[in-house]
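In case you want the letters, here they are:
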Amino acid sequence: MKTIIEPFRIKSVEPIHFTSAGQRRQLLQEAAYNPFLLKARDVIIDLLTDSGTGAMSSAQWAGIMNGDESYAGSDSFFRFEEAVRNLTAMPYIIPVHQGRAAEKILFTVKGGKGKYVLSNTLFDTTRANIEFSGATGVDLLCPEGHDPAVAAPFKGNIDLDALTAFIGQHDPADISMVILTVTNNSGGGQPVSMENIKAARAICNQHHIPFFIDCCRFAENCYFIKHREAGYAHKTVLEIAQELFSYADGCTMSAKKDAFANIGGFLALHDAQLAEECRNLLIITEGFPTYGGLAGRDLDAIAIGLTEIVDEDYLKYRIRSIEYIGEKLESHNIPFLKPTGGHAIYLDAKAFLDHIPAHQYPGQALSCALYLEGGVRGVEIGSVMFGKYDADGKLTPSAMELVRLAIPRRTYTQSHMDYLAEVIIAVYENRSAIKGLKITYETPFLRHFTAKFETV
Ligand SMILES: *Cc1c(COP(=O)(O)O)cnc(C)c1O
């Protein structure tokens, strides 16, 4: 087999600013050992997130120039609406400035005290918007999804038995919806199978519970379905996506993910009444229903991005580039979440730095070590992000201690990925010298963004 090459040529470039190891030691100390507090220009390979960090195509940039900035009824809106409708076949399509705005509007209408929202795993902004409305978010991930070392094809599936049991123990009228996150971002970018989606939909139907999709990475998910699930090998990713959306009553989308845009999102719905309530809220917080917090040019970039994302040469390269890093790590026995998912590598910091206890934050220590070694910035997804204090002020750690290295779309080349693997391998070889951290400053909510640390 020949090398799978990047399915694009480069027309416009952005220089990378290099730093020396000595400079990085100084910069990280100034950032209080929290990579979120580094300046982006001091990062060599920035894998903090794949959200809004991708490269737009020349067609998208041309679309930007074509943007119609009319306040109401712009051509850009109709191009955007057509692109979303082609995928979802949903009649009501509401643009928003990013995914969480769709969530805020949806759960303001559908949430509320005493309500439950069930999911495979709720993404953190989704959970925050559910809980802010007074409702309770419940994650019902399948058992294999909890084990970082087991390689199963659809570790993002919802646990159907747990779903049935939960519905049996509650009044179905109190369950606002089931919303499946595809791929499962917080669970390692792992896909959900079509079989699981269909079965969850069928359970919802029996109890008249609405069924939604958080579709931020729908194309990556559908690519996995094509290659891992029986009966889909001969369908196009677009056809698979259309089938996936056909089971849903609605969906929320961040166009910063699988729409190749730097900003944007949408809420798409089948129900006219719900759409009207959502649009009423949209006008208060986002804007008129044909632009929803976006410029006309953004709507065009999203419309074009949604057609490019289902290109299978792109998806093959995308999924392969993540798998490629995984293979390099595997050959050095470096622990990471298996199998590799759609948009990121998740290093298993608990196993990687098994000499650092949870209360000394191995994930944070590992993300600092990656920066010091090679200027790579990832994000801790462990006890800094999810740890809670008990009544005695003792840390209750997160179940997993991960470092997520999210790969921006179409942004880095294979040599960047080779460099990344070299940095991880070098850190692994010297792991015994890495020290744990203690927190010197933190805020009560979402502390990972601003916390400050010292080495112990
Ligand atoms: C990013 C993301 C969101 C939120 O979207 P924003 O555009 O960041 O507001 C919701 N769900 C999932 C699965 C995501 O990855």
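Residues numbered from 1 in each chain as written. Predicted model: local features only at pLDDT ≥ 70, side-chain atom pairs only at ≥ 80, totals over all residues. Heavy atoms only, no water.

Re the overall build of the protein
Here's step 1: Each helix and strand counted, the protein has 16 helices and 16 strands in total.
Here's step 2: Taking 23 Å as the expected radius of gyration for a compact globule of 456 residues, we find that the protein reaches 22 Å, a close match to that expectation.
Here's step 3: Each principal axis of the C-alpha atoms in the protein carries an extent, and together these give about 60 × 55 × 45 Å.
Here's step 4: Considering only contacts in the protein between residues 6 or more positions apart, those separated by 24 or more positions represent 71%.
Here's step 5: Carbon and sulfur atoms form 54% of the exposed surface of the protein, whose accessible area is close to 19300 Å².
Here's step 6: Of the charged side chains in the protein, 43 are positive and 54 negative; the average position of the first set lies 4 Å away from that of the second. (Helix = DSSP H or I, 4+ residues; strand = E, 2+ residues; numbered from the N terminus. Rg over C-alpha atoms; globule rule 2.2 N^0.38 Å. Contact = heavy atoms within 4.5 Å. Areas by Shrake-Rupley, 256 points an atom, 1.4 Å probe, with all protein chains shown as cover. Lys, Arg positive; Asp, Glu negative; His and termini not counted. Charge placed at Lys NZ, Arg CZ, Asp CG, Glu CD.)

Quick look at the domain arrangement of the protein
Here's step 1: Here the protein is partitioned into domain 1 (21-50 + 311-455) and domain 2 (58-308).
Here's step 2: For domain 1 versus domain 2, the separation of C-alpha centres amounts to 27 Å.
Here's step 3: Contact with domain 1, which involves 22 residues of that partner, is made by 30 residues of domain 2.
Here's step 4: Each partner contributes to the roughly 2200 Å² buried at the junction of domain 1 and domain 2, and carbon and sulfur atoms together form 55% of this total.
Here's step 5: At the junction of domain 1 with domain 2, the criterion picks out six salt bridges. (Domains from an automatic or database assignment. Buried area = accessible area lost by both parts, 1.4 Å probe. Salt bridge = Lys/Arg side-chain N within 4 Å of Asp/Glu carboxyl O.)

Quick look at the site of the ligand
Here's step 1: Surrounding the ligand, one finds 14 residues, the nearest of these being Arg-100, Asp-214, Arg-217, Ser-254 and Lys-257.
Here's step 2: Within the side chain of Asn-185, one N or O atom sits 2.9 Å away from an oxygen atom of the ligand.
Here's step 3: Arg-217 is positioned with one of its side-chain polar atoms (N or O) 2.8 Å from an oxygen atom of the ligand.
Here's step 4: Protein chains shield 98% of the accessible area of the ligand, which is 380 Å² for the free molecule.
Here's step 5: Looking at the shell around the ligand element by element, the count peaks at three residues for helix H4 (residues 99-110).
Here's step 6: Classifying every residue of the shell around the ligand by side-chain character gives two nonpolar, six polar and six charged. (Near = heavy atom within 4 Å. Polar contact = N/O pair within 3.5 Å; in protein donor to acceptor, adjacent residues only side chain to side chain. Nonpolar A, V, L, I, M, F, W, Y, C, P; charged D, E, K, R; others polar.)

Describing the sheet that holds strand E11 (residues 379-381)
Here's step 1: Taken in spatial order, the three strands make up an open sheet running E9-E14-E11, and their pairing is antiparallel. A single partner strand is all that each edge strand has here, and the edge strands are strand E9 (344-348) and E11. Across this sheet, the average inter-strand angle for adjacent strands is 30 degrees, counted without regard to direction.
Here's step 2: The pairing of E9 with strand E14 (residues 402-406) spans five bridges and is classified as antiparallel. Looking across to E14, one finds that Ala-344 is bridged to Ala-406. (Pairing = 2+ DSSP bridges. Axes fitted to C-alpha atoms, helices over the stretch in contact; angles between N-to-C directions.)

Brief notes about the nonpolar core
Here's step 1: Counting residues in hydrophobic clusters, the biggest one holds 62 residues, and the most contacted among them are Leu-118, Leu-163, Val-178, Phe-211, Phe-218, Phe-245 and Leu-306.
Here's step 2: The dominant element in this core, judged by the number of residues it contributes, is helix H8 (residues 218-228), at six residues.
Here's step 3: Split by domain, this core shows at least three residues from each of two domains, domain 1 (21-50 + 311-455) and domain 2 (58-308).
Here's step 4: Among residues more than four places away in sequence, those in contact with Phe-245 are Leu-87, Thr-88, Met-90, Cys-215, Phe-218 and Cys-251.
Here's step 5: Formed by 47 residues, the second largest nonpolar core is a distinct cluster that contains Leu-329, Ile-407, Met-417 and Val-423. (Core = buried A, V, L, I, M, F, W, Y, C linked by side-chain atoms within 4.5 Å. Buried < 20%, exposed > 50% of the residue type's maximum accessible area, 1.4 Å probe, protein only.)

A word on the pattern of salt bridges
Opposite charge on two side chains lets them pair, provided their charged atoms get close.
Here's step 1: Tallying each qualifying case throughout the model produces 22 salt bridges.
Here's step 2: Because the salt bridges share partners, they merge into one network encompassing Asp-50, Arg-217, Glu-220, Asp-258, Arg-318 and Arg-409.

Structural notes on empty space enclosed by the protein
Here's step 1: This structure, assessed with the given rule, holds one cavity of 30 Å³ or more.
Here's step 2: Size it by volume and the largest cavity reaches roughly 50 Å³.
Here's step 3: Lining the largest cavity are Asn-34, Pro-35, Phe-36, Leu-48, Gln-364, Gly-378, Val-379, Glu-380 and His-448.
Here's step 4: Tallied by class, the residues present in the lining of the largest cavity amount to four nonpolar, four polar and one charged. (1 Å grid on protein atoms, 1.4 Å probe; cavity = no way out; pocket = protein on both sides within 12 Å on 5 of 7 lines; lining within 4 Å. Points joined across faces, edges and corners; volume = space filled by probe spheres on them.)

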